[in-house]
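One-letter residues, chain by chain:
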Amino acid sequence: IAAFGVDNALQEIARKSQVPIGVEEVFNYHTEPTIKIDFPGGTLAGLLDRVVSQAPNYQWKEEDGIIHVLWHGTHLPLANVVIAYPGAHDKTVEEIWRDFGKMPELKVWLDSNHCSLLQGVIGAQLGTQNWDRRISIDACSMTLRELLDRVAIKSGGNYWAIARSSAPDQQCWVSILL
């Protein structure tokens, strides 16, 4: 594995291992580590330990069958926002992703924290094998993290990330990747 940023390394691990991984990161382009691992074999836990050894601001834990990699070991406040999710019937992953910008609960959080949702960042994801996959998710109240977990598992993409900017001289932005 050789990747700029924790999220890119973990996306590769999720793809190769077929294990769902969610990443909650605080991103600073100037300080984000490049992860380089020669991994001849072993356990997924061993591989994840090696990733976080190169990115000491992160910790990983397994929660309900999903690996969550967290900035300083805690969920980001945005990941804990409870959404009255209206459900998705036979929607593509892209359509579900595009709906994030329309969710009132996320808009309120972004506005109250003076943040912008960067939906253009996902452009690199447009060619992935799961972007056009159609899935259904029942309507219910859940956190953003729980919704992302469900999309990652049901789509077979096995990966999601919430990235928040960290540079103090920068406007706050948030990106949600699937």
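Residues numbered from 1 in each chain as written. Predicted model: local features only at pLDDT ≥ 70, side-chain atom pairs only at ≥ 80, totals over all residues. Heavy atoms only, no water.

**Examining the pairing of strand 6 (residues 82-85)**
- Here strand 6 shows a buried face lined by Ile83 and Tyr85 and an unburied face lined by Val82 and Ala84.
- Summarising the sheet, strand 6 and strand 10 (residues 140-143) pair through four bridges and their orientation is antiparallel. Within strand 10, the position partnered with Ala84 by the bridge is Ser141. (Buried < 20%, exposed > 50% of the residue type's maximum accessible area, 1.4 Å probe, protein only. Helix = DSSP H or I, 4+ residues; strand = E, 2+ residues; numbered from the N terminus. Pairing = 2+ DSSP bridges.)

**Some remarks on the packing of helix 1 (residues 6-17) against helix 2 (residues 44-54)**
- Put simply, helix 1 and helix 2 touch, their axes get as near as 11 Å, and they point 170 degrees apart. The angle between the axes of helix 1 and helix 2 places the two elements in the roughly antiparallel class. Contact residues: helix 1 offers Leu10, Ile13 and Ser17, while helix 2 offers Leu44, Leu47, Leu48 and Val51.
- Considered class by class, the residues forming the contact of helix 1 with helix 2 number six nonpolar, one polar and no charged. (Axes fitted to C-alpha atoms, helices over the stretch in contact; angles between N-to-C directions. Parallel < 35°, antiparallel > 145°, perpendicular 65-115°, else oblique. Contact = heavy atoms within 4.5 Å. Nonpolar A, V, L, I, M, F, W, Y, C, P; charged D, E, K, R; others polar.)

**Re the pattern of salt bridges**
- Evaluated as defined, the whole model comprises six salt bridges.
- For Asp99, the salt bridge is made with Lys102, and the minimal N-O distance between the two is 3.6 Å.
- When its relative accessible area of 16% is taken as the criterion, Asp99 is described as buried.
- Taking the relative accessible area as the measure of exposure, Lys102 reaches 57% and is therefore exposed.
- What emerges from the salt-bridge pattern is a single network uniting Lys91, Asp99 and Lys102. (Salt bridge = Lys/Arg side-chain N within 4 Å of Asp/Glu carboxyl O.)

**Observations regarding unusual backbone geometry**
- The backbone of Asp64 shows a phi angle near 55 degrees, a positive value even though the residue is not glycine.
- Not every positive phi belongs to a glycine, and Asn158 is a case in point at roughly 55 degrees.
- The class of Asn158 is buried, set by a relative accessible area of 8%.

**With respect to the nonpolar core**
- Tyr85, Phe100, Leu144, Leu147, Ile162 and Leu178 are the most contacted members of the largest nonpolar core, which totals 32 residues.
- Looking at this core, the elements with two or more residues in it are strand 6, helix 3 (93-99), helix 4 (104-112), strand 9 (134-137), helix 5 (144-155), strand 11 (159-165) and strand 12 (172-177).
- The dominant element in this core, judged by the number of residues it contributes, is helix 5, at five residues.
- Ignoring anything within four residues of it in the chain, the contact list for Leu147 reads Ile83, Tyr85, Phe100, Met103, Ile137 and Met142.
- Grouped together as the second largest cluster of nonpolar side chains are 21 residues, Val23, Ile35, Leu48 and Ala161 included. (Core = buried A, V, L, I, M, F, W, Y, C linked by side-chain atoms within 4.5 Å.)

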